[in-house]
Amino acid sequence: EVSKASDVYELHAKVLCQHLDNLYYEAKIINVEHGVDGEPIYTVHYQGWNQRHDEKIKHSSTRSRFLEYTTANVERAKAEMRDAQARLAQNKRRSRKSNVLDEKRSGGADSRGSTPSDKRGTSTSRAASIVSDKGTVRKRKPGTQLESEPVSDFIRKNEIKIDIPSVLKDILVDDHDMVNRQMYLPRLPARHTVAAIVRQYADYMGTCVEAKDTLTFEFGSDDTQLNSMVVTLVESSYGIQDYFNSSLGLQLLYKFERPQYADLLAQHKTKQEGTKDAKKKRSNDAGDGNDSPTDDYDKFKPSEYYGFIHLLRLFVRFGHMLG
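Conventions we followed
- Residues numbered from 1 in each chain as written.
- Predicted model: local features only at pLDDT ≥ 70, side-chain atom pairs only at ≥ 80, totals over all residues.
- Heavy atoms only, no water.
- UniProt positions renumbered as here; feature names shortened; annotations may be inferred.
- Phe/Tyr/Trp six-rings, centres within 6.5 Å; stacked < 30°, edge-to-face > 60°.
- Helix = DSSP H or I, 4+ residues; strand = E, 2+ residues; numbered from the N terminus.
- Buried < 20%, exposed > 50% of the residue type's maximum accessible area, 1.4 Å probe, protein only.
- Lys, Arg positive; Asp, Glu negative; His and termini not counted.
- Salt bridge = Lys/Arg side-chain N within 4 Å of Asp/Glu carboxyl O.
- Polar contact = N/O pair within 3.5 Å; in protein donor to acceptor, adjacent residues only side chain to side chain.
- Core = buried A, V, L, I, M, F, W, Y, C linked by side-chain atoms within 4.5 Å.
- Domains from an automatic or database assignment.
- Contact = heavy atoms within 4.5 Å.
- Pairing = 2+ DSSP bridges.
- Axes fitted to C-alpha atoms, helices over the stretch in contact; angles between N-to-C directions.
- Patch = residues over 30% accessible without salt bridge, like charges linked within 9 Å, V, L, I, M, F, W, Y side chains within 5 Å.
- Areas by Shrake-Rupley, 256 points an atom, 1.4 Å probe, with all protein chains shown as cover.
- Charge placed at Lys NZ, Arg CZ, Asp CG, Glu CD.
- pLDDT = per-residue confidence, 0-100.
- Expected span 1.5 Å × (residues − 1).
- Arc of directions from axis to C-beta.

Quoted verbatim from the Subcellular location (unreviewed entry) heading of the UniProt record, the comment on the protein chain is "Nucleus".

Right, here's the structure in full:
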C-alpha cells in the first residue's frame with residue numbers, strides 16, 4: 001500500500017540510507033518516479049561516491065533503509081561507522097600479530113642457521129679451489145660453476161606490461177577505496193558478469209562487420225587468415241575467462257571480500273550436493289548406475305558471478321602473472 005503524500009520523500013531531499021554493509025551513509029534523492037502501481041521509486045546518490053553506486057529504492061523499503069537526516073542521526077551513523085572501522089582494524093592487527101607469531105615459531109632454528117657469517121671471503125676461497133681425493137688442491141677454472149653454487153637471483157623474466165587507460169585507472173582507485181576504506185561489497189551476481197562480457201565479445205568478433213573491417217586493415221584481406229585470426233581471438237577470450245576462474249580466489253580479491261567469496265563457494269557446494277542426490281536417485285530409478293555428474297557441472301565458476309571490476313583487476317595484474 002502506498003503511503004500518504006505527506007510521507008513521500010521529495011526530490012533533492014537528504015536522507016541517511018542503509019547500504020549493504022548495514023551502515024548508514026549520507027545520501028540525496030536525485031530522482032523520483034512511480035511504478036505501475038503508483039508507488040514512488042527513489043534514485044538515491046550516496047554523497048562522495050561514484051554515481052555507478054546509485055540505487056533505486058521503492059518507498060515501501062524506506063522504512064528499513066532510510067533514517068531522517070537530523071544531527072543526532074548523522075552523529076549516530078558516524079559513530080557506527082567508526083566502530084566498524086575500529087573492529088576491522090583490530091581484526092587486521094590480530095591477524096598480522098598471529099602471522100608474526102607463526103613465523104617466529106616456524107622460523108626458530110632456521111633463522112639462526114641462516115644468519116650470514118661475519119667472515120667475508122670464506123665462501124669465495126672455498127669455491128675457488130677443490131680438494132681432490134689425493135689431498136692436492138687444484139684451482140677451479142674461471143667460468144665454471146659448482147653444482148652447489150646458487151643461480152643468480154637477479155636473472156628474472158621480463159614483465160609483460162599492459163597499458164591501462166587513465167579512465168579505467170580512476171575506476172580502480174574508486175574500487176579500492178570503496179572496498180578497503182568504506183567496506184562496500186559488490187552485488188553478486190553482477191549485472192554484467194565476466195562470462196557474459198566474454199560471450200558478447202565472442203559474438204561481436206564472429207558477426208560484426210566493423211570487427212572484420214578492423215582485422216582486414218591490420219592483417220590483409222585473405223579470408224583464411226582472417227577466419228584464423230577471429231578463431232584465435234575468440235579462443236583467447238575464453239582462455240582469459242578460464243584464467244579468471246582459476247585466479248580470482250587467490251589473487252584478485254581484497255581481504256574484506258573473501259568471506260563473501262567463501263559464502264558463494266558454500267552455497268555452490270550445497271546446491272551441487274542436492275543436485276547429486278537428485279541425479280543419483282533418478283539414476284537408481286532408471287537402473288543405469290551412472291550417478292556421477294560431469295566435472296564441468298561440479299566446478300565453481302566465479303566468472304558467472306563477478307563482473308567488470310574484477311576482470312579489470314585481472315588485466316592490471318596480468319603482466320605480473322605472465323611475466
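(A) Examining the packing of aromatic side chains more closely. Counted under the stated rule, the structure contains 10 aromatic pairs. Look at W49 and Y184: their rings are 6.0 Å apart centre to centre, the planes differ by 75°, and that puts the pair in the edge-to-face class. Within this pair, whereas W49 is found in the loop between β3 (40–46) and β4 (55–58), its partner Y184 is found in the loop between α4 (166–180) and α5 (194–207), the two being separated by 135 residues in sequence. Given the relative accessible area of 13%, Y184 is considered buried.

(B) The arrangement of the side chain of E39 in detail. As for its position among the elements, E39 is in the loop between β2 (24–34) and β3. Despite its burial, E39 remains without a salt bridge, the nearest opposite charge being carried by K58 at 5.1 Å. Within the structure, the side chain of E39 is placed 2.6 Å from the backbone nitrogen of S60, a separation counted as a polar contact.

(C) Inspection of the nonpolar core at higher detail. Among the nonpolar cores identified, the biggest contains 17 residues, and C17, A27, V44, Y46, W49 and F66 are the most heavily contacted of them. Broken down by secondary-structure element, the contributors of at least two residues to this core are β1 (14–18), β2, β3 and α2 (71–113). A domain split of this core shows at least three residues from each of domain 1 (13–93) and domain 2 (166–276 + 298–322). Those residues in contact with F66 that lie beyond four places of it in its chain are Y9, V15, L16, C17, Y24, I29, Y42, V44 and I57. V194, L248, L264 and F318 belong to the second-largest nonpolar core, a separate cluster that totals 13 residues.

(D) How the structure looks around the pattern of salt bridges. On inspection of all chains with the given rule, the structure shows 7 salt bridges. In this structure, E33 engages K56 in a salt bridge whose closest nitrogen and oxygen atoms are separated by 2.7 Å. Here K56 lies in strand β4 and E33 lies in strand β2, a separation of 23 residues in the sequence. For K56, a relative accessible area of 56% corresponds to the exposed category. The closest approach of N and O atoms between E80 and R76, which form a salt bridge, is 3.3 Å. Here E80 and its partner R76 are both found in helix α2, 4 residues apart, which amounts to about one turn of the helix. For E80, a relative accessible area of 27% puts it in the partly exposed group. Here the residues in one salt-bridge network are E55, R65 and R187, joined through shared partners.

(E) Representation of the sheet that holds β3 within the structure. The 5 strands lie next to each other as β4-β3-β2-β1-β5, forming an open sheet whose pairing is antiparallel. Pairing within the sheet leaves two strands with one partner each, and these edge strands are β4 and β5 (66–68). Ignoring which end each strand starts from, the neighbouring axes of this sheet average 45° apart.

(F) Region of the structure containing a positive patch on the surface. Together, K92, R93, R94, R96 and K255 make up a region of like positive charge exposed at the surface. Tracing the backbone shows R93 in helix α2.

(G) How the structure looks around the confidence of the model for the protein chain. Looking at the protein chain as a whole, the pLDDT averages 75, with 66% of positions reaching at least 70. Of the regions scoring below 50 in pLDDT, residues 109–137 engages in 13 contacts with residues more than four places distant in sequence or in other chains. This stretch, residues 145–155, has a pLDDT under 50; its non-local contacts, to residues over four places away or in other chains, come to 6 contacts.

(H) The arrangement of α4 in detail. With 15 residues, α4 should reach 21 Å at 1.5 Å per residue; the first-to-last C-alpha distance of 21 Å fits that figure. Residues of α4 that are buried include every one of I171, L172, D175, M178 and V179, and no others. Buried residues in α4, looked at end-on, bunch into an arc of 130°, giving them a common side. Relative to its buried face, α4 has exposed residues pointing more than 90 degrees away, namely S166 and V173.

(I) Inspection of the pairing of β2 at higher detail. Note: β1 against β2, 5 bridges, orientation antiparallel. For Q18, the partnering residue across the bridge sits in β2 and is Y24. The antiparallel pairing of β1 with β2 creates a hairpin that spans 5 residues between the two strands, and N22 there sits at a positive phi of about 70°. Bridge count for β2 against β3 is 7 bridges, and the pairing is antiparallel. Across the sheet, N31 pairs through a bridge with T43, a residue of β3. Where β2 hands over to β3, the hairpin turn is made up of 5 residues, of which G38 adopts a positive phi near 90°.

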